[in-house]
Amino acid sequence: MSQTRENIQQEIQQLDDEQLEEISRFIEFLKWKSQRATKNNQLESFASLYQEFAQEDRELAEAGMTDYTKQLQEEDQA
């Protein structure tokens with residue numbers, strides 16, 4: 001890794017101002033791309049959690065409806 005870093009530094013020292021500006025824009029693009037990937041991963045995690053909790057909510061609602069139905073039947077019989 002340090003060898004790569006040293007090679008890049010040597011190459012950068014040989015660039016003119018226009019090329020340095022282009023490298024600067026490319027670095028900004030890489031940072032933006034990395035941030036976007038992180039946000040996408042977070043959104044995927046949130047979507048997964050949402051689906052998991054939605055399924056649990058459906059199961060709880062169905063269980064609650066069964067109990068509610070039983071209570072109504074008991075009231076009707078009383």
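Quick note: structure is the one above.
Note that the structure is predicted; figures quoted are calculated from it, not measured. (Residues numbered from 1 in each chain as written. Predicted model: local features only at pLDDT ≥ 70, side-chain atom pairs only at ≥ 80, totals over all residues. Heavy atoms only, no water.)

**Student:** Can you walk me through the packing of aromatic side chains in this structure?
**Tutor:** Any pair of aromatic rings gets described here by the distance separating the centres and the angle formed by the planes. One pass over the full model with this rule turns up two aromatic pairs. Ring geometry for Phe 26 versus Phe 29: centroids 6.3 Å apart, planes at 35°, classification tilted. Here Phe 26 pairs with Phe 29, and both are found in helix α2 (residues 17-77), just three residues apart, close to one helical turn. Take Phe 26: its relative accessible area is 46%, and that puts it in the partly exposed class. Classification of Phe 29 by relative accessible area gives partly exposed; the value is 38%. Aromatic rings pair up to connect Phe 26, Phe 29 and Trp 32 into one cluster. (Phe/Tyr/Trp six-rings, centres within 6.5 Å; stacked < 30°, edge-to-face > 60°. Helix = DSSP H or I, 4+ residues; strand = E, 2+ residues; numbered from the N terminus. Buried < 20%, exposed > 50% of the residue type's maximum accessible area, 1.4 Å probe, protein only.)

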